[in-house]
Amino acid sequence: MGTITSGIGLISGINTADLIDQLLAIEARPKQLLQQRVSILQSQNTALAEISARTLSLGSAISSLVDTSLYKSTTASSGNKDILTASSSSSATPGTYNFNVARLVSSQQTVTRGFADTAATPVASAGGALTFEFGDARLDSDTYLSQLNGSEGVSRGKIRITDRSGNSAIVDLSKAVTVNDVLDTINNATGVNVIAGVDGDHFTLTDNTGAAVAALKVENVGSTGTATSLGLAADADLDPATVTGTQVNRVSAGTLVSTLNDNAGVAVTAGDDLTFTAGAATFGIDLNGLAKLGDVITAINSAAGNTFITAAINDAGTGIKLTNSSGGGVDVTGAAAADLGIAVTAGGADVQGNRLVAALNSRLISSLNGGAGAALGALSITNRAGVTTAVDLSSAGSVSQVIDLINDSGAGVTASLNNAGNGLLISDDTGAAASNLIISGAAAAGLGLEQDVAADSINSGNLQLRYISAGTRLDALNGGSGIARGEIRITDASGATALVDLSQGNEVAISDVINEINSRGLQINARVNDNGDGIVIENTGVGAGKIKVEESGSTTARDLGLLGEAETDGGPLVGSFEKTITLEATDTLEQVRDKINQAGLNAKASIINDGSQGSPYRLALTAGKSGRAGAFVFDDGGLNMGATNLVEAHDAVVFYGSANAANAIPIVSTSNTLTNVVPGVTIDLRNTSTTPVELVISRDDSAVTKGAESLVTAFNSLIDTLNKHDAYDSETKQRGLLLGDSTVARVRSTLYSLVNARSSDLTGRYNSLSQVGITVGSGAKLQFNAEKFNQALATDRDAVVALFSFKETQTDDQGVVTTTAAGVGVRFNEAIKRLTDTTNGVLQTRTESINREIQLDNDRITRHDEQLAAKRLRLQTQFTAMEKVLSQLQSQSSALTSLANLAASAGS
């Protein structure tokens, strides 16, 4: 017997499932028509989305041409890419610029003596400490020529030198920027045998020929007056073998106050910084805002109440002179008195004032010991032969003058800077050992030389040159990186805590940091520390805890050298930019390297193998920052590591503005990338040059031409898209999705009206796109004539710019801005924006209309589905009922048959 499926009636045998599906299929024909319509509408929406995307692309292309910055695009072309390359922005001014690269940036590289191994032998068998200082911690310098002659500088050019043998040579100093540049150039000159040097505030020239045929002579060449501005333009007598020039290192009214005292400047506080008192008469001076020494002198001389003091540049040209007309003594006090060299008590009729600028290439004695200076006077030197010599140092104002006085004393010793450059070294020259080397006297202690040793030299150690002052700029710290502008948390000795906010934007100098710290209401006092290399925070209360400085979301405390806590309860927290690395007695060269690298310094340590026999391993130290800002002082603390500089830290020097370096402007940079010379131009220095390199900044018309090409391409792409969807193929009988659509027609008509438009608002040469090579060609596509477009740019650039970007507007009382006059480009751009506006744009409106139709049809489809589902249920119910009736009839039939059979049996 066959299997009866659930869709077939058990009694009737009718396939009710198929029958119901067939009946409903007839009923579903309206739904299918709706689904087909929804599919078409969705395809139309897709087509509209494609048209919208192409229209937006066209809008982007025209917006680029409307933007006036496009017409300011520039290109940079270097005359010698091996010397320099450059890139330029739209803000760059076209022109030709000359550069002469005299020097590239160099980073300091220091190496120690060799060691036998890296991981076995201790570097310091008794332990020790290494110190690093990043700043102007050396006792020598390289004076900038711009600071000479009372800040008037030196006229750069050529000089002629004639030595005593009669030979002459022309020396070109047009690229000299510092004193050492002058010395090195002269000393490396060929044709003459002379040695250039400095003596105090003067240049010197010493003949090295041993001849006496001619006078040692220095002359100006041309009109620059270089020899004169160096103080060397003079004929020496035949006998002298050394020419000492006139004074070139002096202050003037134009000297910047910030450069005084080895760039420490002058302390300035709230209120009067100077107070002058003569008997009952007194007056004060507020130095705030006074930038030049002449401003200070004028302020003193014109102060209200000043009837007894006249200030001027002193007779030596190195400081301020006060002339007292009071008839009695004058007291000069105040925070700035010592910094200006005029702090006196009962000053007489004429006070010459202390030196405010160091001798050439040196540092002031007053800057030693953290700015406390050193008391100079008699110095007693006993050399190792047992001979004692008295040296009077009272006339010295600079470290170099101390060295010169000792070396000229005939004491049998040589004075120089120590190996670290932060102190003095006195070396015995006698070769004897009859006596200890002994230095004593009034000047010995302050110079760190008061020693009695059975050795051939005396090292003063670190004389703690002050290189941090209240006036030190924060952006000059940490090798020119400045500090993170954030908050620090300070806890005083009593446990009270306060936040110090250094991110407000008005913190410029160390004094601003100190003032912020001292204004927090804690029981502390911040000031520059006694070594002049950081900030100290002192306890002013009775608390017995430790002062502590912590970070609060930044690295500000670390950058200021203040992160940590005081060493003792109730003691000061001494911050410093001098970093100390403690060495254990067992530390090997590798461990020393690792400790340096883990200390977070602006210097990195490595080990090099020089390949020599015995002791090939050297510790190499490299500055983390380029140029002079990254220079560091390395002091091995007497461990005899023999450190020497392989490469000195130098800034890049470029002469700009003239093919002749003598007339050009010297540019000094800590980087080989210059961004602030020509506005809008970034220059990368690659090598030095012997001749000027031309850098040409020109208008980049290729960018404008490319913009016009992009407009044509975007327009034609949009037309192709419109044609694809608004077309009828007679061969295939295929209709475009948007054939006859009014929105497409409106977009098309708008486009052609724009490209064919003429602007009556323009008064220049061009008022239509066709005039600059953009025309409608075959197939109703735009064509671009690049040659005609570029010719238009060359003929009347302003008219081309106006064609695309000219716009005038007015604003009504409601703040609504309306365009009242415009070029074709602006009108084009505004029309495209109206077409693509996401609220009221034509394309958006049509898309929303189709979406509403799709929603309505989907709603109808849903209702059809509900009706069909209900009808299916009714039919299924009806067929089920029919089967039940048939089943009952079948049962009745069977019963009747049974009765008939029974009746037949009974009758028989």
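That block above? That's the structure.
Anyway, here's the lowdown on the structure attached to this text.

Cut-offs used in this document
Residues numbered from 1 in each chain as written. Predicted model: local features only at pLDDT ≥ 70, side-chain atom pairs only at ≥ 80, totals over all residues. Heavy atoms only, no water. 1 Å grid on protein atoms, 1.4 Å probe; cavity = no way out; pocket = protein on both sides within 12 Å on 5 of 7 lines; lining within 4 Å. Points joined across faces, edges and corners; volume = space filled by probe spheres on them. Nonpolar A, V, L, I, M, F, W, Y, C, P; charged D, E, K, R; others polar. Buried < 20%, exposed > 50% of the residue type's maximum accessible area, 1.4 Å probe, protein only. Helix = DSSP H or I, 4+ residues; strand = E, 2+ residues; numbered from the N terminus. Pairing = 2+ DSSP bridges. Arc of directions from axis to C-beta. Contact = heavy atoms within 4.5 Å. Axes fitted to C-alpha atoms, helices over the stretch in contact; angles between N-to-C directions. Core = buried A, V, L, I, M, F, W, Y, C linked by side-chain atoms within 4.5 Å. Phe/Tyr/Trp six-rings, centres within 6.5 Å; stacked < 30°, edge-to-face > 60°. Lys NZ or Arg CZ within 6 Å of the ring centre and 35° of its normal. Salt bridge = Lys/Arg side-chain N within 4 Å of Asp/Glu carboxyl O. Parallel < 35°, antiparallel > 145°, perpendicular 65-115°, else oblique. Polar contact = N/O pair within 3.5 Å; in protein donor to acceptor, adjacent residues only side chain to side chain.

**What to know about the layout of surface pockets**
To find leftover empty space, one rolls a probe the size of a water molecule over the atoms.
Then comes step 1: Taken as a whole, the second largest pocket holds about 290 Å³ of empty space.
Then comes step 2: Lining of the second largest pocket is provided by 18 residues; of these, N419, N459, D635, D636 and G638 occupy positions nearest its centre.
Then comes step 3: When grouped by side-chain class, the residues that make up the lining of the second largest pocket number 6 nonpolar, 10 polar and 2 charged.

**Quick notes on the pairing of strand β24 (residues 437-440)**
Then comes step 1: Only one face of β24 is covered, namely the face carrying L437 and I439; the face carrying I438 and S440 is uncovered.
Then comes step 2: In this structure, strand β20 (residues 378-382) lies alongside β24, joined through 3 bridges in antiparallel fashion. Counted as the bridge partner of T382 is I438 from β24.
Then comes step 3: Pairing between β24 and strand β25 (residues 451-453): 3 bridges, direction antiparallel. Bridging from a neighbouring strand, I439 pairs with Q451 of β25.

**Here's the deal with helix α10 (residues 510-518)**
Then comes step 1: Restricting attention to buried positions, one finds in α10 the residues I510, V513, I514, E516 and I517. With its buried residues spanning 160° around the axis, α10 presents them on a single face.
Then comes step 2: On its buried face, α10 sits against α9 (477-480), β27 (487-491), β28 (497-501), β29 (524-528) and β30 (535-539).

**Focus on the sheet that holds β29**
Then comes step 1: An order of β29-β30-β33 is seen for the 3 strands of this open sheet, with the pairing classed as antiparallel. This sheet does not close on itself; its edge strands, each paired only once, are β29 and β33 (573-574).
Then comes step 2: When β29 meets β30, the two strands line up antiparallel, connected through 5 bridges. Along β30, the bridge assignment pairs I524 with N539.
Then comes step 3: Of the strands in this sheet, β29 and β30 are in contact with α10, which crosses β29 at around 175°.

**Considering the nonpolar core**
Then comes step 1: Of all hydrophobic cores here, the largest spans 56 residues; its most connected members are L58, F715, L751 and F804.
Then comes step 2: Listing elements by their share of this core, those giving two or more residues are α2 (29-66), α13 (701-725), α14 (742-755), α15 (786-795), α16 (797-805), α17 (824-836) and α18 (842-907).
Then comes step 3: By residue number, the principal contributor to this core is α2, which donates 11 residues.
Then comes step 4: Residues contacting L58, with those up to four places away along its chain left out, are L711, A714, F715, L718, L751, F828 and I832.

**Here's the deal with the pairing of strand β39 (residues 652-656)**
Then comes step 1: With 5 of its 5 residues buried, β39 lies for the most part within the structure.
Then comes step 2: Examined bridge by bridge, strand β3 (residues 95-103) and β39 share 4 bridges and lie antiparallel to one another. The residue of β39 that forms the bridge with V101 is V654.
Then comes step 3: Across 5 bridges, β39 lies against strand β40 (residues 665-669) in antiparallel orientation. Residue A652 lies in a different strand from β40, and its bridge partner there is S669.

**Topic: the packing of aromatic side chains**
Then comes step 1: Counted according to the given criterion, the structure contains 10 aromatic pairs.
Then comes step 2: Plain terms: the ring middles of F276 and F283 are 4.8 Å apart, the flat faces sit at 10° to each other, and that makes the pair stacked. In this pair, the class of F276 matches that of F283, namely buried.
Then comes step 3: These aromatic residues form a ring-pair network of at least three members: F132, F134, F632 and F634.
Then comes step 4: A cation sits over an aromatic face here: R113 above F115, 4.3 Å from the ring centre.

**Let's talk about the pattern of salt bridges**
Then comes step 1: In this structure the tally under the stated criterion is 24 salt bridges.
Then comes step 2: Here R384 and D456 are joined by a salt bridge, their closest N and O atoms 3.0 Å apart. In this pair, R384 sits in the loop between β20 and β21 (388-392) while D456 sits in the loop between β25 and β26 (457-459), placing the two residues 72 residues apart along the sequence.
Then comes step 3: According to the relative accessible area criterion, D456 is partly exposed, its value standing at 45%.
Then comes step 4: A salt bridge links R846 to E853; its shortest N-O distance comes to 3.9 Å.

**Examining the packing of α15 against α16**
Then comes step 1: Relative orientation of the contacting elements α15 and α16 amounts to 115°, with a least axis distance of 5 Å. The orientation of α15 relative to α16 falls into the category roughly perpendicular. The residues of α16 that touch α15, namely those facing F789, A792, L793 and T795, are R797, V800 and F804.
Then comes step 2: Class assignment of the residues belonging to the contact of α15 with α16 gives a composition of 5 nonpolar, 1 polar and 1 charged.

**Some thoughts on the environment of L56**
Then comes step 1: Along the polypeptide, L56 turns up in helix α2.
Then comes step 2: Its relative accessible area of 48% is what places L56 among the partly exposed residues.
Then comes step 3: For the pair L56 and K833, spaced 777 residues apart in sequence, the C-alpha to C-alpha distance is 8.2 Å.

**Comments concerning the environment of N829**
Then comes step 1: As for its position among the elements, N829 is in helix α17.
Then comes step 2: On the accessibility criterion, N829 (8% relative accessible area) is buried.
Then comes step 3: Between the alpha carbons of N829 and S60 there is a distance of 8.6 Å; along the sequence they are 769 residues apart.
Then comes step 4: Aside from chain neighbours lying at most four places away, what touches N829 is G59, I62, S63 and V66.
Then comes step 5: Reaching out from N829, the side chain makes a polar contact with the side chain of S63 at a distance of 2.9 Å.

**Description of the sheet that holds strand β13 (residues 274-278)**
Then comes step 1: Spatially, the 4 strands line up as an open sheet ordered β14-β13-β17-β18, and their pairing is antiparallel. The sheet terminates laterally at β14 (281-285) and β18 (344-347), the two strands that pair on one side only. This sheet shows a mean twist of 15° between the axes of neighbouring strands, independent of strand direction.
Then comes step 2: Pairing geometry for β13 and β14, over 5 bridges, is antiparallel. Residue pairing in the sheet places T275 in a bridge with G284 of β14.

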